[in-house]
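A look at the structure
Here is how the chains run, residue by residue.
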There are 2 protein chains.
Amino acid sequence: MKNNVSIKDIAKMAGVSIATVSRVINKSGKVAKETEEKILQIMKENNYVPNLLAKGMRTNKVTTIGIVIPDISNEFFSKIAKQIQTLFFNKGYASIICNTSEDDKIEKQCIEMLQAQQVGGIIHIVSEKANKENKILIPTVYLDREPKFSNKRKDMAIIESDNLSGGYIATDAMIKKGCKNIICLSPKDVVSTHKKRCQGYAYAMNENGLNLKIIIVDNVSLEEGYNKTKEYIKNNKIDGIFATTDIIAIGAIKAIKEAGFKIPENVKVFGYDASNMSEVIETPLSTIVQPIEEMTLAAVEMLEKNMNGEKIKENRLILPVKIKER
Amino acid sequence: MKNNVSIKDIAKMAGVSIATVSRVINKSGKVAKETEEKILQIMKENNYVPNLLAKGMRTNKVTTIGIVIPDISNEFFSKIAKQIQTLFFNKGYASIICNTSEDDKIEKQCIEMLQAQQVGGIIHIVSEKANKENKILIPTVYLDREPKFSNKRKDMAIIESDNLSGGYIATDAMIKKGCKNIICLSPKDVVSTHKKRCQGYAYAMNENGLNLKIIIVDNVSLEEGYNKTKEYIKNNKIDGIFATTDIIAIGAIKAIKEAGFKIPENVKVFGYDASNMSEVIETPLSTIVQPIEEMTLAAVEMLEKNMNGEKIKENRLILPVKIKER
DNA sequence: CTGAAAGCGCTAACAG
DNA sequence: CTGTTAGCGCTTTCAG
């Protein structure tokens with residue numbers, strides 16, 4: 001499997017020392033044009049590709065970063081992963097992507113593996129269960145979800161979108177259209193994002209003197225959105241729903257329609273994330289758009305600075321979201 | 001950034017040679033229980049994590065594999081990537097994931113980078129434009145799409161799902177329900193998967209003496225599915241649609257309904273991939289389910305064998321698909 | 001301008 | 001059972 005030609009092979013073929021070959025590879029130091037061309041030629045002929053790992057080991061500069069993500073098959077996260085990988089690829093870095101499946105045990109293993117793989121930095125979306133910081137020395141930027149342990153370290157780099165105002169503007173938009181009985185459907189507040197969206201909802205409701213009703217779904221699924229909504233509307237009147245993620249809203253829509261109500265005439269529905277599903281569903285589903293590009297770009301830039309040991313004043317960033325009404 | 005303790009540091013602290021430390025790390029050779037425990041203790045205290053790259057360099061055994069994918073934010077591909085990364089993670093491998101964005105230039109760069117990163121093997125879903133094999137010596141398994149250059153090398157490892165019968169059973173199911181005028185919506189046949197699905201469609205139509213009509217969409221999008229369908233039904237009657245991927249079917253549905261037809265009463269619609277969108281759309285959309293787990297498992301196993309230099313008789317595999325009628 | 005040599009962290013004989 | 005040593009592919013002084 002190791003038919004790879006090495007710098008040594010090239011040197012031998014060119015009749016020079018490996019130092020010289022190294023110099024032309026890195027365009028460092030002076031090499032006679034003649035020798036340089038000859039070496040370049042031989043490298044091309046033999047399809048030489050430098051061993052980045054050996055180089056990294058020697059120079060202590062690494063060309064790999066890690067991305068730790070709860071579930072890469074989730075649309076929102078996969079978009080993020082794509083952006084990050086592309087941004088880093090263009091800078092010459094390879095991205096090692098790890099799935100934690102929301103499991104803190106696996107998450108720990110991921111971090112250890114990345115450390116063992118000598119990644120230069122990590123962009124980390126914490127799992128639901130992550131309670132304590134993994135004790136590592138690798139530069140890390142937390143993205144999307146605020147880690148539970150973030151209050152312990154004020155210098156922690158965290159990039160989020162503005163989930164609080166996301167919840168607020170969604171709810172407020174419905175209130176402005178006359179809704180008075182708006183419920184909020186959300187998973188248990190294990191994750192900062194959903195929690196903040198609920199808080200935004202609560203803020204808007206309180207501001208308008210409306211009674212809030214937060215209904216906890218046991219998991220993030222169409223079924224749960226459906227079941228909990230169906231159950232609730234048996235004995236309660238509602239005219240608005242704010243679900244902290246699209247799929248829950250879609251379940252709610254199903255229940256609402258089954259009960260004979262019209263959307264958006266009788267009940268207005270807001271989801272979150274502007275997923276593909278929200279695009280294709282035929283019932284009008286309003287939603288909140290997160291600034292994925294800005295978030296990933298900021299995370300990548302911040303991580304790069306961290307890796308270069310640069311001081312950063314702004315190590316926490318909250319990016320604005322947009323509303324998409326339908 | 002390199003505060004990492006090394007085997008040398010541990011050895012010094014334990015007052016033994018690095019060889020001994022190496023032995024306890026790898027559980028190779030005999031080490032006195034006493035010394036072993038002492039070393040283990042010190043390793044734990046100092047949070048020692050072995051440098052896999054150095055190890056790989058020395059042993060010529062690498063713990064990284066590459067995944068090359070056209071678009072990781074695509075639901076189907078991201079599910080595949082997740083599976084592969086998980087399977088390899090459990091075997092102790094890290095996965096470097098690369099996006100080609102369907103661009104053969106980027107694809108080439110990806111392969112080169114993976115080579116430079118010394119990955120042990122690659123699972124590769126080729127881009128649309130990939131026309132010639134990248135000349136590398138890394139064990140590679142092609143997944144999902146059959147490379148255009150596959151006929152040149154009969155020993156190439158390729159895992160696909162059965163797109164041909166996918167197209168066939170979808171079409172056949174509609175015919176069995178009485179459809180006679182079924183159109184097929186598909187992107188230009190740049191990619192083997194869509195091409196084969198169309199062939200399956202054609203096969204079923206011919207078998208039943210029906211006229212086939214394949215309509216090319218310019219790109220894979222809801223809009224194109226919508227536009228091309230709307231255009232066609234202006235002057236033609238149809239009672240069935242087979243779209244080679246769900247999103248196109250969803251566009252078609254929109255056009256059909258706008259024209260006043262009922263689904264599935266007047267027109268039956270089949271998509272492909274059993275995407276989340278197909279799950280939530282309120283109009284009945286039948287679809288074909290690909291065996292993602294089996295595909296990825298087979299690919300991973302085949303790659304592992306390749307990496308271990310094992311001979312494999314079956315280097316081409318076509319896995320069966322399932323129908324999901326709605 | 002170019003080569004020799006040391007060393008990054010680690011493993012694998014080879015001696016003790 | 002344990003230490004010494006060479007070397008994986010590469011960069012980087014230090015001498016020529």
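The structure reproduced in this document is the subject of the present report. Source: prediction; values computed, not measured.

With that settled, the discussion passes to the overall build of chain A. Each helix and strand counted, chain A has twelve helices and twelve strands in total. Here chain A has a C-alpha radius of gyration of 26 Å; the compact-globule value for 326 residues is 20 Å, and the former is much larger. Along the longest, intermediate and shortest principal axes, the C-alpha atoms of chain A span 85 × 40 × 30 Å. Restricting the contact set of chain A to residue pairs at least 6 apart, pairs at least 24 apart contribute 66%. For chain A, the exposed surface amounts to about 15300 Å²; the carbon and sulfur share of it is 50%. Looking at charge distribution, chain A has the averaged site of its 48 positive side-chain charges lying 4 Å from that of its 40 negative ones.

What follows is about the packing of helix α1 (residues 7–14) of chain B against helix α3 (residues 33–45) of chain B. All names here are of chain B. Where α1 contacts α3, the axes come no closer than 10 Å and their chain directions differ by 125°. Overall, the two elements α1 and α3 adopt an arrangement that is oblique. Of the two elements, α1 crosses α3, and the hand of that crossing is right-handed. The segment α1 lies against α3, with I10, M13 and A14 engaging K38, I39, I42 and M43. Broken down by class, the residue content of the contact of α1 with α3 amounts to six nonpolar, no polar and one charged.

In the vicinity of DNA strand D lie 26 residues, with I7(A), Y48(A), R58(A), R23(B) and R58(B) positioned nearest. The share of sugar and phosphate among atoms of DNA strand D within 4 Å of the protein is 56%. K8(A) has a polar side-chain atom sitting 3.2 Å from a phosphate oxygen of DNA strand D. Between T35(B) and DNA strand D, the recorded distance is 3.0 Å, taken from a side-chain N or O atom to a phosphate oxygen. Going through the elements one at a time, α1 (7–14), α2 (18–26) and α4 (52–59) of chain A together with α2 (18–26) and α4 (52–59) of chain B are the ones with two or more residues in the surface near DNA strand D. Residue classes in the surface near DNA strand D are distributed as eleven nonpolar, eight polar and seven charged.

The subject of this paragraph is the relation of the copies chain A and chain B. With an axial shift of 0.1 Å and an RMSD of 0.2 Å, the rotation relating chain A to chain B amounts to 180°. On this basis, the relationship between the two copies can be described by a two-fold rotation axis. Closest approach to the rotation axis among the C-alpha atoms of chain A is made by I96(A), whose C-alpha sits 2.1 Å away.

So, on to the nonpolar core. Grouped together as the largest cluster of nonpolar side chains are 54 residues, with contacts concentrated most on I84(A), F88(A), L143(A), I84(B), F88(B) and L143(B). Among all residues touching I84(A), those that are not within four sequence positions of it are I65(A), I67(A), I123(A), L143(A), T296(A) and V300(A). Among the nonpolar cores identified, the runner-up in size contains 48 residues, and I250(A), I215(B), I263(B) and V269(B) belong to it.

Backbone-to-backbone hydrogen bonds join strands into a sheet, with any given pair of strands oriented parallel or antiparallel. All names here are of chain B. Spatially, β7-β6-β8-β9 is the arrangement adopted by the four strands of the open sheet, whose pairing is parallel. If you trace the sheet from one side to the other, it starts and ends with β7 (213–217) and β9 (268–270), each paired once. Strand-to-strand, the axes of this sheet are offset by a mean angle of 20°, without reference to chain direction. Here three bridges tie strand β8 (residues 240–243) to β9, and the two strands are oriented parallel to one another. Looking across to β9, one finds that I241 is bridged to V269. Relative to β8, helix α7 (residues 163–176) is tilted by about 170°, and along the sheet it contacts β6 (182–187), β8 and β9. Docked against the sheet, helix α9 (residues 222–235) engages β6, β7 and β8, running at close to 140° with respect to β7.

The next thing to look at is the sheet that holds strand β6 (residues 182–187) of chain A. Residue and element names in this part refer to chain A. Judged by pairing direction, the sheet is parallel, and its four strands sit side by side in the order β7-β6-β8-β9 without closing on themselves. Every interior strand has two partners, whereas the edge strands, β7 (213–217) and β9 (268–270), have only one. Neighbour-to-neighbour, the strand axes of this sheet turn through a mean angle of 20°, independent of strand direction. As paired elements, β6 and strand β8 (residues 240–243) share four bridges and run parallel to each other. Bridge pairing in β8 places C184 opposite F242.

On the surface, L212(A), I214(A) and I216(A) cluster together into a nonpolar patch covering about 210 Å² of accessible area. Locating I216(A) in the fold gives a position in strand β7.

So, about the packing of aromatic side chains. On inspection of all chains with the given rule, the structure shows eleven aromatic pairs over all chains. For the ring pair Y142(B) and F149(B), a centre distance of 5.8 Å and an interplane angle of 75° mean the geometry is edge-to-face. Summarising the burial analysis for this pair, Y142(B) and F149(B) share the class buried. Pairwise contacts between aromatic rings join Y201(B), F242(B) and Y272(B) into one cluster. The side chain of R197(A) reaches across the aromatic face of Y272(A), ending 3.8 Å from its centre. Taking the ring centre of Y226(A) as reference, the NZ or CZ of K254(A) above it sits at 4.7 Å.

Rules and cut-offs
For every chain, the first residue of the written sequence is number 1, and numbering continues from 1 along that sequence. Chain A is the first chain written and ligand 1 is the first ligand written, with later ones labelled in order. Side-chain atom pairs in this predicted model are given and counted only at pLDDT of 80 or more, local residue features only at pLDDT of at least 70, and totals for whole chains, interfaces and linings cover all residues. With hydrogens and water excluded, all non-hydrogen atoms of the structure serve as input to the side-chain values. Put simply, DSSP marks the helices as runs of H or I at least four residues long and the strands as runs of E at least two long, and each gets a number from the N terminus on. Only the C-alpha atoms count toward the radius of gyration. The rule for a globule is 2.2 Å times the residue count to the power 0.38. Any two residues having at least one pair of non-hydrogen atoms within 4.5 Å are treated as being in contact. In short, Shrake-Rupley with a 1.4 Å probe defines the accessible areas, and a residue's cover is counted only from the protein chains shown. For the charge count, each Lys or Arg is scored as positive and each Asp or Glu as negative, with His and the chain ends excluded. Charged side chains are reduced to one point each, which is NZ for Lys, CZ for Arg, CG for Asp and CD for Glu. For helices, the fitted line uses only the C-alpha atoms of the stretch in contact; every axis is such a line through C-alpha atoms, and the angle between N-to-C directions lies from 0 to 180 degrees. An angle below 35 degrees is read as roughly parallel, one above 145 as roughly antiparallel, one from 65 to 115 as roughly perpendicular, and any other as oblique. Crossing handedness: left-handed means the near helix sits turned counterclockwise from the far one by under a right angle, and right-handed means the same turn made clockwise. Residues were grouped as follows: Ala, Val, Leu, Ile, Met, Phe, Trp, Tyr, Cys and Pro as nonpolar; Asp, Glu, Lys and Arg as charged; and all remaining residues, including Gly, as polar. Being near a molecule or strand, for a residue, comes down to having at least one heavy atom within 4 Å of it. Within 3.5 Å is the distance limit for a polar contact, defined as a pair of N or O atoms, with the added protein rule that one can donate a hydrogen and the other accept it, and that residues adjacent in sequence qualify only through two side-chain atoms. Superposing copies: least-squares fit, C-alpha atoms only, residues required to have pLDDT of at least 70 in both. Nonpolar cores were defined as sets of buried Ala, Val, Leu, Ile, Met, Phe, Trp, Tyr and Cys residues, with membership established by side-chain atoms within 4.5 Å. The classification of residues rests on relative accessible area computed with a 1.4 Å probe and restricted to protein chains. Under 20% of the type maximum is buried, over 50% is exposed, and intermediate values are partly exposed. Whether two strands pair comes down to DSSP finding at least two bridges between them. Two distance rules govern patches: like charges are joined within 9 Å, and nonpolar side chains (Val, Leu, Ile, Met, Phe, Trp, Tyr) within 5 Å, applied only to residues with over 30% relative accessible area and no salt bridge. Just to be clear on terms, a salt bridge is a Lys or Arg side-chain nitrogen sitting within 4 Å of an Asp or Glu carboxyl oxygen. Here a pair means two rings of Phe, Tyr or Trp (six-membered ring of Trp) with centres within 6.5 Å. Their orientation is stacked below 30 degrees between planes, edge-to-face above 60, and tilted elsewhere. In this analysis the charged atom, NZ for Lys or CZ for Arg, is taken to sit over a ring once it is within 6 Å of the ring centre and within 35 degrees of the ring normal.

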